[in-house]
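If you want the building blocks of each chain, they are given just below.
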Amino acid sequence: MSIVVICPGRKVDYWIDALKETDPEVEVLTHEQVRENGSVIYALAWDQPPGIFSRYPNLRCVSSLGAGADHLVRDPDIPDQADIVRIIDPRLSDDLFEFSLAVVMNRLRSLTRYKVKQLEKKWEKKLYNRIEDLSIGIMGTGVIGGHVAEKLCSLGFSVNGWSRSGDRPGSYCKYAGKEEMEAFLENTDILICILPLTDSTKGILNKENLMKLPEKSYLVNLGRGGHLVDNDLIELLDSGHLSGASLDVFHFEPLPEDHPFWEHPGIDITPHVASITDPSKVAPQIIENYHRVKKGIRPKNTVSKEKGY
Ligand code: NDP
Ligand code: OXD
């Protein structure tokens, strides 16, 4: 029995080395190395090519290499009997918090603007906001978003969190479901999307919803590119309703060279780096899940195929 690692364009060796170091007895192969397709019971995948899972008739579990598993939930070739699992790791949550904090502080103190002014050799002071001045709204307060919300609260930010159920623990102000979305948005100056991409969250960052934010609000999208309606963002930036946006995720990654986001002065772009899974940190949970699955026990950190996250 073996594990196959499928992640075209990524450094697959780090994954294979980390898994073998955790358990040298387990056979871990790239999909090019697999000789007996029937022996593969566990797959690790990111950006998998279409149709790849149909090669492995005995798959019992497919794991994302990251926290998001939308690329797996929408793959029609994962057999019904196989569980989908994702990575849950405190390091991922901490890294995403640190990234969010950096973006928020950049916004409060206009650091990107000063870099632009520096290149123009312009000495132009601008009033700044303090932590207590603006309220932050986190869309999606699950494992990562809930952590970000709590950490921002502990630094003195006023934080609102919006989720499907509203029943996760936390001291931030909670809003739940479609009914409370409007109130959540109306009370948010910096909106940070940390939602999973599902049928119900696709396109949620659209004109109608973003117009409910107060004038001059700022958008941060750390969820998935599919949450955002790109043209709506450009329209709202150009009209001045939004004062800027920081985007880490895109419909197509890498962001195509001719995409208008690249040259928009109101948009800061990062290449999906808000938090990056460290193979050595998460190999133990993958190996543990592999052994569970091998023994016929359900793996941990499963994704609901119905809910999509
Ligand atoms: P979780 O599954 O733990 O949490 C998801 C949260 O979203 C929950 O609070 C859930 O509500 C809420 N949610 C889901 N659907 C809806 C809906 N229709 N309406 C309102 N709220 C909804 O996920 P994680 O926190 O672990 O990760 C979230 C996402 O962050 C990932 O799926 C990935 O896309 C993104 N990510 C991005 C990274 C980056 O580098 N840019 C890195 C890591 C993750 P409820 O609490 O009721 O279940
Ligand atoms: C993600 C991740 O889900 O990088 O985006 O973990």
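Residues numbered from 1 in each chain as written. Chains lettered and ligands numbered in written order. Predicted model: local features only at pLDDT ≥ 70, side-chain atom pairs only at ≥ 80, totals over all residues. Heavy atoms only, no water.

Take the site of ligand 2 next. Close to ligand 2 lie Trp-46, Gly-66, Ala-67, Gly-68, Arg-224, His-272 and Ser-275. Measuring from an oxygen atom of ligand 2, one finds a backbone N or O atom of Gly-68 at 2.8 Å. Contact between ligand 2 and His-272: an oxygen atom at 2.7 Å from a side-chain N or O atom of the residue. Considered on its own, ligand 2 offers 210 Å² of accessible surface; in the complex 88% of this is hidden by protein. For the shell around ligand 2, the residue count by class is two nonpolar, four polar and one charged. (Near = heavy atom within 4 Å. Polar contact = N/O pair within 3.5 Å; in protein donor to acceptor, adjacent residues only side chain to side chain. Areas by Shrake-Rupley, 256 points an atom, 1.4 Å probe, with all protein chains shown as cover. Nonpolar A, V, L, I, M, F, W, Y, C, P; charged D, E, K, R; others polar.)

Read across the sheet, five strands follow the order β2-β1-β3-β4-β5 without closing on themselves; strand pairing throughout is parallel. Edge positions in the sheet fall to β2 (27-30) and β5 (83-85), since each has one partner strand and no second. Neighbour to neighbour, the strand axes of the sheet diverge by 20° on average, direction disregarded. Here strand β1 (residues 2-6) runs beside β2; their pairing, made up of four bridges, is parallel. Residue Ser-2 lies in a different strand from β2, and its bridge partner there is Glu-27. In the packing of helix α1 (residues 12-22) onto the sheet, the strands contacted are β1, β2 and β3 (40-45), and the crossing angle to β2 comes to about 175°. Packed on one face of the sheet, helix α9 (residues 279-294) meets β1, β3, β4 (61-64) and β5 and runs near 150° to β3. (Pairing = 2+ DSSP bridges. Helix = DSSP H or I, 4+ residues; strand = E, 2+ residues; numbered from the N terminus. Axes fitted to C-alpha atoms, helices over the stretch in contact; angles between N-to-C directions. Contact = heavy atoms within 4.5 Å.)

By domain assignment, the chain separates into domain 1 (2-89 + 278-294) and domain 2 (90-269). Each of domain 1 and domain 2 has a C-alpha centre, and the two are 32 Å apart. Contacts between domain 1 and domain 2 engage 11 residues on the former and eight residues on the latter. For the domain 1 and domain 2 pair, buried surface summed over both sides reaches about 790 Å², with 56% attributable to carbon and sulfur atoms. If you look at where domain 1 meets domain 2, you find one salt bridge. (Domains from an automatic or database assignment. Buried area = accessible area lost by both parts, 1.4 Å probe. Salt bridge = Lys/Arg side-chain N within 4 Å of Asp/Glu carboxyl O.)

Grouped together as the largest cluster of nonpolar side chains are 49 residues, with contacts concentrated most on Val-5, Tyr-42, Ile-138, Leu-152 and Ile-192. If you tally residues by element for this core, the top one is helix α3 (residues 90-109), at seven residues. The two domains that each donate at least three residues to this core are domain 1 (2-89 + 278-294) and domain 2 (90-269). Setting aside chain neighbours within four positions, we find Ile-192 in contact with Ser-100, Val-104, Ile-136, Gly-137, Ile-138, Met-139, Leu-152, Val-220 and Leu-222. In terms of nonpolar packing, the next biggest core, distinct from the first, is built from 26 residues, Tyr-175, Leu-191, Leu-219 and Phe-250 among them. (Core = buried A, V, L, I, M, F, W, Y, C linked by side-chain atoms within 4.5 Å. Buried < 20%, exposed > 50% of the residue type's maximum accessible area, 1.4 Å probe, protein only.)

Put simply, α1 and α9 touch, their axes get as near as 8 Å, and they point 55° apart. Accordingly, the angle class assigned to the pair α1 and α9 is oblique. Considering only the axes of α1 and α9, their crossing is right-handed. Contacts between α1 and α9 pair Tyr-14, Trp-15, Ala-18, Leu-19 and Thr-22 from the former with Pro-279, Ser-280, Val-282, Ala-283, Pro-284, Ile-286 and Ile-287 from the latter. Split into classes, the residues belonging to the contact of α1 with α9 amount to 10 nonpolar, two polar and no charged. (Parallel < 35°, antiparallel > 145°, perpendicular 65-115°, else oblique. Left-handed = near helix turned anticlockwise from the far one by under 90°.)

What follows is about the sheet that holds strand β11 (residues 242-247). Strand order in this open sheet of seven strands is β8-β7-β6-β9-β10-β11-β12, and the pairing throughout is parallel. Of all strands in the sheet, those with a lone pairing partner are β8 (173-176) and β12 (267-269), marking the two edges. Strand-to-strand twist across the sheet, computed as the mean angle between neighbouring axes with direction ignored, equals 15°. Note that strand β6 (residues 135-139) and strand β9 (residues 190-193) share four bridges and pair parallel. Pairing of Met-139 across the sheet is with Cys-193, part of β9. Contacts from α3 reach β6, β9, β10 (217-221), β11 and β12 within the one sheet, and its direction differs from that of β9 by about 160°.

This next bit is on unusual backbone geometry. Residue Pro-254 is bonded to the preceding Glu-253 through a cis peptide linkage, with omega at -5°. Topologically, Pro-254 is positioned in the loop between β11 and β12. Of note, the phi angle at Asp-47 is positive, near 55°, even though the residue is not glycine. You can see Asp-47 is positioned in the loop between β3 and β4. Phi angles above zero are rare outside glycine, and Ser-110 is one such case at about 55°. When you line up the elements, Ser-110 lands in the loop between α3 and α4 (111-119).

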